[in-house]
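Remarks on the overall topology
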Amino acid sequence: MKSRSKKILLLVLAAALLAGSGQMQKVLNRDRAQLDLTRTTPLKSAPPLLAFTTVALGGFRGLISNFLWIRANDLQQAGKYFEMVQLASWITDLEPHYPQVWAFQAWNMAWNISVNFKDFSDRWHWVERGMELLRDEGLRYNPYEPLLYQQLSWIFQSKMGQNMDDANLYYKEQWANEMMPFFGPNGTNFDELIDPQTAGAKARAKLFREKYKMDPVIAKQVDEQWGPLDWRLPEASAIYWAALGLEQAKQHPSKVKQSDLMQLRRSIYQSMLQALYHGRLVINPFDKSYDYYPDLDLVSKLNDAYDTMYAEEPDPGQKDSIKHAQRNFLRDAVYFLYEDNRIAEAAKWFAYLGRNFPNQPILDNDPNSLPSQLTLDQYAVACVQGDVKDIDQNRTLSAVEGLLGRAYYELATGDDNRYAGFKLLANKIYDRYSKQVASFQGQARVGLPPLADVNRTVLNQLLDPQKGLPYAARAVLRTQLRLPPETASTNTSPAAAVSTNLPGTGETNTTSSLAK
Amino acid sequence: MQKILAITWLTWKAAFRFRLFLVVAVLLLAAVVGLPLVLKDDGTARGFTQILITYTLSVITALLGLSTLWLSCGTLARDIEECQIQVVATKPVARWQIWLGKWLGIVSLNATLLVLSGACVYGLLQWRATRLPAAEQEILRTQVLVARGLAQPPDYNAEIDARTEQLLQERLKQTQISGADLALARQQIREQVKAYFQLVPPQYTREWQINLGFAKNFLRGKPLQLRVKFNTAQIGLSGTFVGQWRVGEPGTANAWYSGPMSLSPNAYHEFEIPADLFDSQGVLTIDFLNANNTTLLFPIADGMAVLYPEGGFTLNFARGLGILFCWMALLAAIGLASASFLSFPVATFFSLALLVVVFSSGTLSDAVANGTITGVNEETGTAGHFIADFVLIPAFQGIVAVVNVVKNFSPIDSLSTGRAISWGELGAAFGQIVLLFGGVISAIGISLFARRELATAQGNQ
């Protein structure tokens, strides 16, 4: 055979063998997955560079990876962070199936590097980079790994949701701004995301799936199971990713360790608790800032979650912790409901608390404050003042003024229930104090000014054109309280002609009735 | 000189004949153009520019370094092995002229490639900068694409030493201390004295005064930047601490107040301060209020500094390339020196081994610090001993000292952080790297080449 023909033949043979090995590889990969030969799965749709490094470098990957870890550490010590994203990318590319590597790199960016910047916008960049590393790449190559779901959930729940980082409100605001186009003013908009009709809606749904890697169908299921949640807030995303991790584990039980799933469940419960505390986003109508209120619709589901968590927990020590946490949650829930003027629900959960924890005090500073010894009103008042026996004049006055101020603020923002709740609480505290000091000889010395005077003072401060609420808020408040409109030259006391409705209490009051 | 230039020209021709110039030029340009497409940055224009400067210049250094070693080893060793050198050596040209001519040829080749690739990097940086929003451009122009000088407060070494000796003498009057204990006692007292200059207790204010020296004459009307770093023994859940700054002339209204600032420990923080806050003597006074419940420590060495604009990026970039050029000149000397007495593959291997030693200087430094090559028992904290330590440790000390002189010039680091590379620094790099080390290595190489029996290499073919 001529040399040229032989070469061509060999080339054809090489090409045929290469194609054949490619087909064989598919079969091997399928068998590998079906027979559960390894926990890791072959890389799918990986970039050529990543596929090359994971195969061609072989054992040298470890050496290169070590070098990169050392460089990353040295640079971090020297305060040079601009290479970190690149180095993390290389390190994870070299060890794409090692979840701890992804988890560490993401955690390092979101927690350690972020706080090294004084500007909150810089910090947010790093929190996002950590989040993206897990969401966009880590989970792509490790779709069943509970640790990565848990870490991603943890960034939303702890870094953004909690207040340990003093930039947490900035993070929440930035995330809310990003989620607002998808979820609108109410925080839920699944139907449009699942079945978009207009071009704009289709573009949003596509962005939601492709950039944020979230499936609106699953999000809706999560909302139905654990919500209703405000999806503009980080807690909803924390629950989503933890729930998705659980779902993946359920579908592929052989690929995960069941003991790893407890962390995911805890992420859900803890995020729900956070959502209870501040899971309702309200946009301040006057300065457009974001306010975070308790989401009291979650109380029942969260209580069920605690019961479930208690039943699932095998460790007796942990069981006690869960019960303790449930009791704390119920105490807070009762107070929040009371504050929101949902008195009937507050009474229901107060009774539930008494039934389930009859022998444990419900006030931190009073070991004798068993549920059977206190009424709901006494408990709510004590929550504000710290101690039911506390009759300090200044603290009481300060508490009443604070609650009245808060009540008027809520009225200005249109939340009539909370207005009524705070007003009620202020009245209760004032009444309780008055009764307690009534028997004292020196009542005049320790007594409070009339409630009407306190109320007038607070209202005057809020309606002060120079130091009070913004103009728009003052105008709303004046309208709600039926006060004359503000004039440029006047700084008159409004209280002389005050009359108002107290929603929820059925009162129509004049000035004197504010003292109630 | 004509003879040297003739050899230089021959080296250039060889580089073109081997396609080396073309290949390296294409690789360098591909790296400069291609890197921005694949780099992952932190999402800020500043971060992207910093990583771009670091990686493009690093790739240029690595490519040029390897090609320099390859060419310098090859051009001499292969000439000897292939007997072409016999044609040259029989001409009226001295051996040292041949050696120097080749070195000059390689160095000038490097200079050309460095200028070519450096110009591309510079153009790329400027082009990208002009496409950014004005605010981002401003950040780049003030923090990265600039040459910033550094002014620091005094190191108080004299005061610390004097006070340490005074306290030590008082201690010695009370207690008898000698030998190793004396050194330890002195060190402990020194740390205590140093603490006075470094610590800011809770709710206390600390003042620094930084003399801007001659720079005050051209800093009027220009904002400056403070670079601060502190350590602390306690780190809370938030990981940050709150502090407030006042910068300006004491007792006057010419001051800037920062308001509460959330800062993390163990990290450098840079922030801008308004212009003209220093006094007529050029002294800038900085006060810091520690508003936390824990003591903060600002290290004397790098806890407090002022960064000020000293010059433009263009010249700074050129000076940085100048230092890279010095490194290349040294590598060329190393390659030629090893090719002067070794065959091409062995010379290449030898030169690369030298580079490995340079990159391993951290390991060597550890061995020198421990006083042994056997390492330290982590449980007992004691170092082992090995008979070879008597020879190796002094040798390592020498190597580390030499390597550190070369490595201490870090132009890429300075350029990526907007730090000024002074003419003095460039001059020192040229003097130490090219003239001193390059000169010594060249002298050894020329000496070996001059004594080599060139015709004996023929038997190897």
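Residues numbered from 1 in each chain as written. Chains lettered and ligands numbered in written order. Predicted model: local features only at pLDDT ≥ 70, side-chain atom pairs only at ≥ 80, totals over all residues.

Description of the overall build of chain A
Along its length, chain A carries 22 helices and four strands. The burial tally for chain A puts 38% of its 516 residues in the buried class. Of all intrachain contacts in chain A linking residues separated by at least 6 positions in sequence, the fraction that spans at least 24 positions is 57%. (Helix = DSSP H or I, 4+ residues; strand = E, 2+ residues; numbered from the N terminus. Buried ≥ 20, exposed ≤ 12 C-beta atoms within 10 Å, placed from the backbone. Contact = placed C-beta atoms within 7 Å.)

Quick notes on the overall build of chain B
From N to C terminus, chain B includes 14 helices and eleven strands. Across its three principal directions, the C-alpha atoms of chain B cover 80 × 65 × 40 Å. Looking at chain B residue by residue over its 461 residues, the buried ones come to 33%. Across chain B, the fraction of contacts at a sequence separation of at least 24, relative to all contacts at a separation of at least 6, is 81%.

Quick look at the confidence of the model for chain A
Residues and elements named next belong to chain A. In the predicted model, chain A carries a mean pLDDT of 79, and the fraction of residues at 70 or more is 85%. Element-level mean pLDDT values for chain A span from 34 in strand β4 (residues 507-510) up to 90 in helix α7 (residues 146-161). With pLDDT under 50 throughout, residues 489-516 is counted as low confidence; its partners more than four residues away or in other chains account for 55 contacts. (pLDDT = per-residue confidence, 0-100.)

Here's the deal with the confidence of the model for chain B
Residue-level pLDDT values for chain B average 85, and 96% of them are 70 or greater. Model confidence for the complex: the whole-complex pTM is 0.71, and ipTM, which rates the interface, is 0.71.

Section: the pairing of strand β1 (residues 280-283) of chain A
A regular strand carries its side chains on alternate faces of the sheet. All names here are of chain A. With four bridges joining them, β1 and strand β2 (residues 290-293) adopt antiparallel strand pairing. Within β2, the residue paired with valine 282 across the bridge is aspartate 291. Between the antiparallel neighbours β1 and β2 lie six residues, among them lysine 288 with a positive phi of about 65°. (Pairing = 2+ DSSP bridges.)

Structural notes on the interface of chain B and chain A
With 22 residues of chain B at the interface, the matching set in chain A holds 16 residues. Contributing elements (two or more residues each) for the side of chain B that touches chain A: α3 (45-81), β7 (261-263) and β8 (269-273) of chain B. Counting residues per element, the side of chain B that touches chain A draws most heavily on α3 of chain B, which supplies four residues. Taken together, the residues of the side of chain B that touches chain A break down into eight nonpolar, eleven polar and three charged. (Nonpolar A, V, L, I, M, F, W, Y, C, P; charged D, E, K, R; others polar.)

Points about the pairing of strand β4 (residues 224-228) of chain B
Residue and element names in this part refer to chain B. Judged by which residues are buried, β4 turns out to be one-sided: Leu224, Leu226 and Val228 face inward and are buried, whereas Gln225 and Arg227, on the alternate face, are not. Pairing between β4 and β8: five bridges, direction antiparallel. Note that in β8 the partner of leucine 224 across the bridge is isoleucine 273. Sheet topology places β4 next to strand β11 (residues 304-311); four bridges connect them, and they run antiparallel. From the neighbouring strand, glutamine 225 faces β11, where its bridge partner is leucine 307.

Some details on the packing of α3 of chain B against helix α6 (residues 134-143) of chain B
All names here are of chain B. Between α3 and α6, the shortest axis-to-axis distance is 9 Å and the interhelical angle comes to 45°. Regarding the angle of α3 to α6, the classification is oblique. For the pair α3 and α6, the sense of crossing is right-handed. For the pair α3 and α6, contact is made by Ala45, Arg46 and Thr49 and by Glu136, Ile139, Leu140 and Gln143, respectively. Of the residues contributing to the contact of α3 with α6, the split by class is three nonpolar, two polar and two charged. (Axes fitted to C-alpha atoms, helices over the stretch in contact; angles between N-to-C directions. Parallel < 35°, antiparallel > 145°, perpendicular 65-115°, else oblique. Left-handed = near helix turned anticlockwise from the far one by under 90°.)

Considerations on the nonpolar core
Judged by nonpolar contacts, the single largest core of 189 residues is most densely connected at Ile239, Met272 and Val334 of chain A. For this core, the leading source of residues is helix α9 (residues 313-339) of chain B, giving 18 residues. In contact with isoleucine 239 of chain A, other than residues within four places in its own chain, are Val222, Trp226, Leu229, Ile268, Ser271 and Met272 of chain A. One finds Leu226, Leu263, Phe278 and Phe298 of chain B within the second-largest nonpolar core, a separate group that totals 26 residues. (Core = buried A, V, L, I, M, F, W, Y, C linked by C-beta atoms within 7 Å.)

Let's talk about helix α21 (residues 451-463) of chain A
All names here are of chain A. In this model, α21 (13 residues) spans 18 Å end to end at C-alpha, consistent with the 18 Å of a helix rising 1.5 Å per residue. Looking only at α21, the buried set comprises Leu451, Asn455, Arg456, Val458, Leu459, Leu462 and Leu463. Along the axis of α21, the buried positions cluster into a sector of 165°, meaning they face one direction only. (Expected span 1.5 Å × (residues − 1). Arc of directions from axis to C-beta.)

With respect to the packing of helix α5 (residues 99-113) of chain A against helix α6 (residues 120-141) of chain A
Residue and element names in this part refer to chain A. At their nearest, the axes of α5 and α6 sit 7 Å apart, and the two run at 165° to each other. In terms of axis orientation, α5 runs roughly antiparallel to α6. Relative to α6, the crossing made by α5 is left-handed. Here Trp102, Gln105, Ala106, Trp107, Met109, Ala110 and Ile113 of α5 come into contact with α6, specifically with Trp126, Val127, Arg129, Gly130, Met131, Leu133, Leu134 and Gly138.

Observations regarding the sheet that holds β8 of chain B
Neighbouring strands of a sheet are bound in pairs by backbone hydrogen bonds; such pairs are parallel or else antiparallel. All names here are of chain B. Spatially, β1-β11-β4-β8 is the arrangement adopted by the four strands of the open sheet, whose pairing is antiparallel. At either end of the open sheet lies a strand with only one pairing partner, and these are β1 (147-151) and β8. For this sheet the average axis-to-axis angle between neighbouring strands, irrespective of direction, equals 35°.

Description of unusual backbone geometry
The phi dihedral of arginine 482 of chain A falls on the positive side, at around 55°, and the residue is not glycine. Relative to the helices and strands, arginine 482 of chain A resides in the loop between α22 (471-480) and β3 (499-502). For arginine 482 of chain A, a count of 12 C-beta atoms within 10 Å corresponds to the exposed category. Its identity as a non-glycine residue notwithstanding, aspartate 276 of chain B has a phi of 60°, on the positive side. Structurally, aspartate 276 of chain B can be placed in the loop between β8 and β9 (283-290). Given 14 C-beta atoms within a 10 Å radius, aspartate 276 of chain B is considered partly exposed.

As for helix α2 (residues 20-38) of chain B
Residues and elements named next belong to chain B. An ideal rise of 1.5 Å per residue puts 27 Å on 19 residues; α2 measures up with 26 Å between its terminal C-alpha atoms. Where α2 bends most, the angle comes to about 30°, and this point is valine 32, followed within four residues by the proline proline 36. Listed as buried for α2 are Val24, Leu28 and Val32. If you follow the buried residues of α2, they end up packed against α3 and α5 (95-130). (Bend = angle between axes of the 7 residues up to and from the residue.)

Some details on the environment of serine 67 of chain B
Residue and element names in this part refer to chain B. Locating serine 67 in the fold gives a position in helix α3. Of the residues examined, serine 67 has 23 C-beta atoms within 10 Å and is grouped as buried. Along the backbone, serine 67 and leucine 331 are 264 residues apart, and their C-alpha atoms lie at a distance of 9.9 Å. If we ignore the near neighbours within four places in the chain, the residues touching serine 67 are Leu20 and Val24.

Brief notes about the environment of glutamine 143 of chain B
Residues and elements named next belong to chain B. Within the fold, glutamine 143 resides in helix α6. The class of glutamine 143 is partly exposed, set by 18 C-beta atoms lying within 10 Å. Residues glutamine 143 and phenylalanine 271, 128 residues apart in the sequence, show an inter-C-alpha distance of 9.9 Å. Discounting chain neighbours no more than four positions away, the residues touching glutamine 143 are Arg46 and Gly418.

Quick notes on the environment of alanine 333 of chain B
Residue and element names in this part refer to chain B. Topologically, alanine 333 is positioned in helix α9. With 28 C-beta atoms counted inside 10 Å, the residue alanine 333 sits in the buried group. Excluding residues that lie within four positions of it along the chain, alanine 333 makes contacts with Trp103, Gly438, Ile441, Ser442 and Gly445.

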